[in-house]
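# Fold and geometry: a report
These are the residues of each chain, in order.
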Amino acid sequence: MPSSASPSPPRARLRPLIAAAAVCLFSFAAFWVAQRVARVNMLDVMVYRAEAETLRAGADLYAMRATSADLAMTYPPFAAVLFLPLTLVGVPLMRTLSTAGNLVLVVALVQLSLQLVRPALAAPARRADLWRTTLWIAAVVVWSEPVWTTLRYGQINLLVTVAVLWDLTRREGSRWAGVGIGLATAVKLTPGLFVVLLLAAGLLLWRRDRAMNQWLRTALTATGTFLAVTLAMVVALPADSRTFWTRTLFETGRVGHAEETANQSLSGVLARLMHTDAPGLWWLAAAVLLGGAAMVLAVRAAVLGDRAAAVVATAFTALMVSPISWSHHWVWCVPLLILLYDRTTRAWPVTIAVGLVFASFALWWVPHDPGRPELDQNAGQMLLSAVYPLTALAVFAGYALSVRRSRREGAPVVAPREPVAVRAPQAVAKE
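Residues numbered from 1 in each chain as written. Predicted model: local features only at pLDDT ≥ 70, side-chain atom pairs only at ≥ 80, totals over all residues. Heavy atoms only, no water.

### Things to note about the pattern of salt bridges
For the record, the criterion: A carboxyl oxygen of Asp or Glu within 4 Å of a side-chain nitrogen of Lys or Arg is what we treat as a salt bridge. Type-normalised accessible area, obtained with a 1.4 Å probe on protein chains alone, sets the label of each residue: buried when under 20%, exposed when over 50%, and partly exposed for intermediate values.
Inspection of the entire model under this criterion finds 11 salt bridges. Ionic pairing is found between Arg343 and Asp342, a salt bridge with its closest N-O pair at 3.4 Å. Assessed through its relative accessible area of 25%, Arg343 is described here as partly exposed. Taking relative accessible area as the criterion, Asp342 reaches 0% and is therefore assigned buried. Residues joined in a network through salt bridges with shared partners are Arg118, Asp306, Asp342 and Arg343.

Below, the structure is given as structure tokens:
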């Protein structure tokens with residue numbers, strides 16, 4: 001006779017986790033089907049493969065052109081070494097593995113973002129909560145424009161972001177913290193701004209305490225890793241290294257036109273505003289002013305112990321001041337959304353509003369064909385094609401105002417809320 005007893009407590013606790021896993025799996029499967037229906041070209045992973053094949057053939061990496069778009073290599077030589085495994089399988093399998101790997105990285109990105117915002121969730125006793133929340137959030141953010149476009153092109157943004165967050169969520173005293181940022185910088189350079197954050201915060205804390213600290217230790221490890229990898233490439237690939245560090249590094253036009261709507265940096269906004277592909281000194285002045293102010297906020301947050309705000313502020317500063325920040329580089333919207341929900345008083349309205357920005361695909365609502373129509377945008381089109389930078393500016397302004405208000409009132413800058421958690425059906429919403 002079947003037992004009518006209620007499920008045992010361990011079994012009952014597993015149900016929300018199983019439900020979250022099922023929803024996440026269904027969302028990922030639907031995402032995979034949607035990408036196949038959309039006939040995504042995965043252009044960038046094809047370029048990565050061509051770079052690795054060029055390296056294996058001993059040819060000039062920076063003379064290479066790949067795909068029908070005639071794309072060139074823009075990363076340091078180490079990237080081509082990283083891409084060598086792509087040549088070990090056929091193209092169809094490579095595309096499948098790239099998509100599957102990026103979906104796994106979406107889960108890793110969400111989990112590390114949660115650990116960054118709420119370190120307590122990483123405790124062994126909270127592992128079930130961490131995984132349940134991770135899977136619910138991953139099921140949603142996979143549909144955001146930056147993530148969709150990253151998988152559409154087969155880009156490495158998720159890998160770079162996860163490498164940085166892995167370092168910045170290590171336990172105090174970890175010997176490996178810094179390796180991820182060093183390797184990411186050796187591949188793409190822009191993560192190097194995190195070294196600036198780590199070094200500035202570390203030196204300020206050292207000056208105050210006269211003792212080695214985790215920020216400084218991580219900065220030194222990241223710098224050492226970057227230099228070791230870069231020097232190894234100079235020895236192994238001297239001609240390609242010389243070409244990159246003396247010429248290719250300064251050819252920003254090699255990446256693409258600054259005014260393209262996909263370019264969501266200050267440079268792109270100014271190029272479209274000025275109807276030119278070379279905003280020049282205007283971009284440099286704006287980048288220095290905004291970048292300097294934003295990094296002051298980031299370093300201050302780090303010194304005060306607000307690691308999450310410091311990391312997110314640094315990431316968005318890098319996206320804003322870089323000459324080219326394609327929309328798929330903005331996968332940092334994931335930790336931003338988690339941080340906003342955790343820190344803002346009216347959590348859901350603010351988080352949903354910002355989330356809709358990154359889920360709306362609004363920047364693609366303007367003309368963006370190869371004829372370069374972005375050079376002739378009207379005011380409404382300029383606003384749509386600047387949606388990510390404008391959102392970032394709003395976030396920076398909001399954080400700066402909260403810092404000022406807290407300083408005036410003598411209250412802590414950070415007003416912690418309960419740990420982030422997502423409600424499963426018939427489960428607790430917040431822990």
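And the narrative resumes.
### Notes on the packing of helix α12 (residues 266–274) against helix α13 (residues 280–303)
Put simply, the rule is: Axes, fitted as lines to C-alpha atoms, cover a helix only where it is in contact. Angles between the N-to-C directions of the axes lie from 0 to 180 degrees. In this description a helix means any DSSP run of H or I spanning at least four residues, a strand means any run of E spanning at least two, and both kinds are numbered starting from the N terminus. For this classification, under 35 degrees means roughly parallel, over 145 means roughly antiparallel, 65 to 115 means roughly perpendicular, and everything else is oblique. Working rule for handedness: look at the near helix, and if it is turned counterclockwise from the far one by less than a right angle, call the crossing left-handed; if clockwise, right-handed. In this analysis, two residues are considered to be in contact whenever any of their non-hydrogen atoms come within 4.5 Å of each other. When residue character is reported, Ala, Val, Leu, Ile, Met, Phe, Trp, Tyr, Cys and Pro are called nonpolar, Asp, Glu, Lys and Arg charged, and the others, Gly included, polar.
Running from N to C, α12 and α13 cross one another at 140°; their axes reach a closest spacing of 10 Å. Comparing the axis directions of α12 and α13 gives the class oblique. In the crossing of α12 with α13, the sense of the turn from one axis to the other is right-handed. Where α12 abuts α13, its residues Leu266, Ser267, Leu270 and Met274 lie against Trp282, Trp283, Ala286, Ala287 and Leu290. Residue classes in the contact of α12 with α13 are distributed as eight nonpolar, one polar and no charged.

### Topic: the packing of aromatic side chains
Applicable threshold: Pairing of aromatic rings covers Phe, Tyr and Trp, the last through its six-membered ring, and needs centres within 6.5 Å; plane angles under 30 degrees mean stacked, over 60 mean edge-to-face, and all others mean tilted. The criterion for a charge sitting over a ring is simple: Lys NZ or Arg CZ within 6 Å of the ring centre, and within 35 degrees of the ring normal.
One pass over the structure, following the stated rule, counts 14 aromatic pairs. One aromatic cluster is present, built from ring pairs that chain together Tyr62, Phe226, Phe244 and Trp245. One residue, Arg170, lies across the ring of Trp166, its end atom 4.3 Å from the ring centre. A cation sits over an aromatic face here: Arg210 above Trp206, 4.8 Å from the ring centre.

### Describing the state of the cysteines
For clarity, the threshold we go by: Disulfides are defined as cysteine sulfur pairs within 2.5 Å.
Scanning the model with the defined rule gives zero disulfides in all. Summary of cysteine pairing: Cys24 is not part of a disulfide, and the nearest cysteine sulfur, belonging to Cys333, is at 16 Å.

### Side note on helix α16 (residues 347–359)
Under the convention used in this document: Multiply 1.5 Å by the residue count of a helix minus one, and that product is the helix's expected span. In this description, one arc is meant: the one made by directions from the helix axis to the C-beta atoms.
In this model α16 runs 18 Å from its N-terminal to its C-terminal C-alpha over 13 residues, within 8% of the 18 Å that 1.5 Å per residue would give. Where α16 is concerned, the buried positions are Ala347, Thr351, Val354, Gly355, Val357 and Phe358. One side of α16 holds all its buried residues, which, seen down the axis, span an arc of 150°. In this structure, α16 carries Trp348 and Leu356 as exposed residues pointing more than 90 degrees from its buried face.

### Overview of a nonpolar patch on the surface
So the rule is basically this: Here the term patch refers to residues with relative accessible area over 30% and no salt bridge, with like charges joined within 9 Å and nonpolar side chains (Val, Leu, Ile, Met, Phe, Trp, Tyr) within 5 Å. Residue-level accessible areas treat just the shown protein chains as cover; the underlying method is Shrake-Rupley with a 1.4 Å probe.
There is a patch of nonpolar side chains on the surface, built from Leu227, Leu231 and Val234 and spanning about 260 Å² of accessible area. Along the chain, Leu231 turns up in helix α10 (residues 214–236).

### Quick word on the packing of helix α4 (residues 91–117) against helix α5 (residues 127–141)
In the contact formed by α4 and α5, the axes pass within 9 Å of each other and the chain directions differ by 125°. One finds that α4 runs oblique with respect to α5. Of the two possible hands of crossing, α4 and α5 adopt the one that is right-handed. Here Val106, Val107, Val110, Gln111, Leu114 and Gln115 of α4 lie close against α5, whose contacting residues are Arg127, Leu130, Trp131, Thr133, Thr134, Ile137, Ala138 and Val141. Broken down by class, the residue content of the contact of α4 with α5 amounts to nine nonpolar, four polar and one charged.

### Brief notes about α13
The terminal C-alpha atoms of α13, which comprises 24 residues, lie 34 Å apart, in line with the 34 Å expected from a rise of 1.5 Å per residue. Regarding α13, the residues found buried are Ala287, Leu290, Gly291, Ala294, Met295, Leu297, Ala298, Val299, Ala301 and Ala302. In this structure, the buried residues of α13 make contact with α9 (192–209), α10, α12, α14 (307–321) and α18 (387–409). Among the residues trailing α13, Gly305 stands out with phi positive, at a value near 95°.

### Some thoughts on the nonpolar core
Let me state the cut-off plainly: Only buried Ala, Val, Leu, Ile, Met, Phe, Trp, Tyr and Cys residues count toward a nonpolar core, and they belong to the same one when joined by side-chain atoms within 4.5 Å.
In terms of nonpolar packing, the biggest core is built from 109 residues, with Phe316, Trp332 and Phe358 touching the most fellow members. With 11 residues, α4 is the single largest residue contributor to this core. Leave out the neighbours within four places in its chain, and Phe358 touches Ser144, Glu145, Pro146, Phe316, Trp330, Cys333, Leu336, Tyr388 and Thr391.

### Quick word on the environment of Thr351
Note the following rule: Polar contacts, as counted here, are pairs of nitrogen or oxygen atoms within 3.5 Å of one another; within protein the pair requires one atom able to donate a hydrogen and one able to accept it, and residues that are adjacent in sequence qualify only if both atoms are side-chain atoms.
Considering the arrangement of structural elements, one finds Thr351 in helix α16. Each C-alpha atom of the pair Thr351 and Leu339 lies 8.9 Å from the other, and the pair is 12 residues apart in sequence. Filtering out sequence-adjacent residues up to four positions away, Thr351 remains in contact with Leu337, Leu340 and Tyr341. Here the side chain of Thr351 touches Tyr341 through a polar contact of 3.3 Å, landing on its backbone nitrogen.

### Description of unusual backbone geometry
In this structure, Thr67 is a non-glycine residue whose phi angle is positive, near 65°. Among the secondary structure elements, Thr67 is positioned in the loop between α2 (43–57) and α3 (77–82). Although it is not a glycine, His275 sits at a positive phi angle of roughly 55°. Assignment of secondary structure puts His275 in the loop between α12 and α13.

### Some thoughts on the side chain of Thr218
With respect to the helices and strands, the residue Thr218 is situated in helix α10. Dropping the residues within four chain positions of it, Thr218 is found in contact with Ala177, Gly178 and Leu198.

### Looking at the environment of Ala379
Relative to the elements of secondary structure, Ala379 occurs in helix α17 (residues 379–384). With relative accessibility at 58%, the residue Ala379 sits in the exposed group. For the pair Ala379 and Arg272, spaced 107 residues apart in sequence, the C-alpha to C-alpha distance is 9.9 Å.

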